[in-house]
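# Close look at the chain arrangement
As a plain string of letters, each chain reads:
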Amino acid sequence: MLFKNANIENGAVRASECSTQETADCKAEEGLLDMRVKNGKFAEIGANLTPEDEEEIIDLRGKLVLPPFIESHVHLDTCLTAGEPKWNMSGTLFEGIETWALRKENLTKKDVKDRVNRAVRLQAANGIQFVRTHVDITDPKLTAMEAILELRDELKDFVEIQIVAFPQEGILSYPNGKQLMVDAVNMGADAVGAIPHFEFTREYSVESLNFAMNLAAEKGKLVDVHCDEIDDEASRGLETVAARALELELFDRVTASHTTAMHSYNNAYVMRLMRLLKMSRINFVANPLVNTHLQGRADTYPKRRGVTRVRELTAEGINVSFGHDDIFDPWYPLGCGSMRDVVFMGLHVCQMMGYEDIMNAYRFVTVNAARTLHISDRYGIEMGKPASFVVMDAQNYYDALNYNSPVLASYRNGKKIAESTPGAKTALF
Ligand code: 17E
Ligand code: FE2
């Protein structure tokens, strides 16, 4: 199969700057390329590839082609439960945790699977093909873990699901918390989680991180910590995560999610912390939709935004990706599983609105997220890699973001798994 005239990752020049008469020259200038797909892989990528005998040809006519979107941080087990059994009226993380604890009492495998199936379909329609989900393991029956482990296998042609064993109510502050974590890892979780800012004491916080990261090192698992998701400038789980990542040589197998306290750290502390963060090579995930909603709730005015320091981390060469975190659940009452909304909010709240910032923002939910998930070896539009990509109804990412362009098609291993036709436009008279 030959895909002609793809504007891969924005090409070079904005297509609208080319006049239609000069197509040949313009094509080269725009950086349009052809992609040949064979046996589910990119067999060839180049300008003006000659069709082979009877090869199927699809002319993309300059549309934007990106590697598939990646959801690098979401809680699938809690999705689509907003209002059950009550709404989160304070908009705090803590009322979310209390509300989920009530809903969790009624969890069944069927309930989890029904909701996750619906959510993953929303995500797939939005061009997502890889999902890292945190699954709450502070449940003596580990119901959600069992359900999502089954789904990871059942949905694998459609989406690659990575599972973090996430101790929502703590490792040391929840009965039998350490054993539940070991059980979840032995059942097949891909990554070990932790929640240092929710543990009863600072000592528990540090001990929970040591426990989680030693376990990951021992079992060969990844690490993804809900780290300092609070506006308390004294919440310093991050330095422990980074130090252990360095000392245990886990490096980029480790991710610090949320790190919203970093928004409130004093600059002198951040300046010295940055050295350790770089040495540790850990990844960061910011969740701009959810943390602009949950943070700053103890403030009067001014109210903190509470999203981590994305611009500064990125400028230091540290990998940052963006996650949606929640889809319609006790922590966030909105969401349709689109990474576009996440990027849109992220650019605003992190004040990353320069032309290049906007044009390149897809990286937070594609290549950067691939680094977070540790899947870069099998991800990206390169010869020999799986032919997985999305085609957007836009000429470049700037326009895709601005006009909220639909994903026209999502190809996975050379097979189309989702498509949409742009809806009829409103007529003006
Ligand atoms: N649990 C948590 O601790 N933090 C969050 N942001 C969500 C669940 C969504
Ligand atoms: Fe989260």
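Thresholds applied
- Residues numbered from 1 in each chain as written.
- Chains lettered and ligands numbered in written order.
- Predicted model: local features only at pLDDT ≥ 70, side-chain atom pairs only at ≥ 80, totals over all residues.
- Heavy atoms only, no water.
- Disulfide = S-S within 2.5 Å.
- Buried < 20%, exposed > 50% of the residue type's maximum accessible area, 1.4 Å probe, protein only.
- Helix = DSSP H or I, 4+ residues; strand = E, 2+ residues; numbered from the N terminus.
- Pairing = 2+ DSSP bridges.
- pLDDT = per-residue confidence, 0-100.
- Contact = heavy atoms within 4.5 Å.
- Donors = N, O, S within 2.8 Å, 3.2 Å for Na, K, Ca; no water.

Attention now moves to the state of the cysteines. Counted under the stated rule, the structure contains zero disulfides. Unpaired in this structure, Cys79 has its nearest cysteine sulfur neighbour in Cys336, at a distance of 13 Å. Residue classification places Cys336 among the partly exposed residues on the basis of a relative accessible area of 35%.

Across the junction of Glu84 and Pro85, the peptide omega takes the value -5 degrees, indicating a cis bond. Tracing the chain through its elements places Pro85 in the loop between strand 6 (69-74) and helix 2 (93-104). The backbone phi angle of Asp325 is positive, close to 75 degrees, even though this residue is not glycine. Tracing the backbone through its elements, the reader meets Asp325 in the loop between strand 13 (320-322) and helix 11 (339-349). One non-glycine residue, Gln351, adopts positive backbone phi at about 50 degrees.

This next bit is on the pairing of strand 2 (residues 33-38). Bridge count for strand 1 (residues 2-8) against strand 2 is three bridges, and the pairing is antiparallel. Counterpart to Phe3 in the pairing with strand 2 is Met35. Across five bridges, strand 2 lies against strand 3 (residues 41-46) in antiparallel orientation. Bridge pairing in strand 3 links Lys38 to Lys41. With antiparallel pairing between neighbouring strands as the criterion, strand 2 and strand 3 make up a hairpin whose turn holds two residues, including Asn39 at a positive phi of roughly 50 degrees.

What follows concerns the confidence of the model for the protein. Averaged over all residues, the pLDDT of the protein is 95; the fraction at 70 or higher stands at 95%. In the predicted structure, residues 13-19 sits below a pLDDT of 50 and forms ten contacts with residues beyond four places in sequence or in another chain.

What follows covers the coordination of the iron ion (ligand 2). In this structure, His73 (NE2), His75 (NE2), His226 (NE2), His258 (NE2) and Asp325 (OD) serve as the protein donors to the iron ion (ligand 2), at separations of 2.2 to 2.5 Å. When the donor residues of the iron ion (ligand 2) are listed from N- to C-terminus, their spacing reads H-x1-H-x150-H-x31-H-x66-D. One end of the pair, His73, is in strand 6; the other, Asp325, is in the loop between strand 13 and helix 11, and 252 residues separate them in sequence. Across the pair, exposure class does not vary: His73 and Asp325 are buried alike.

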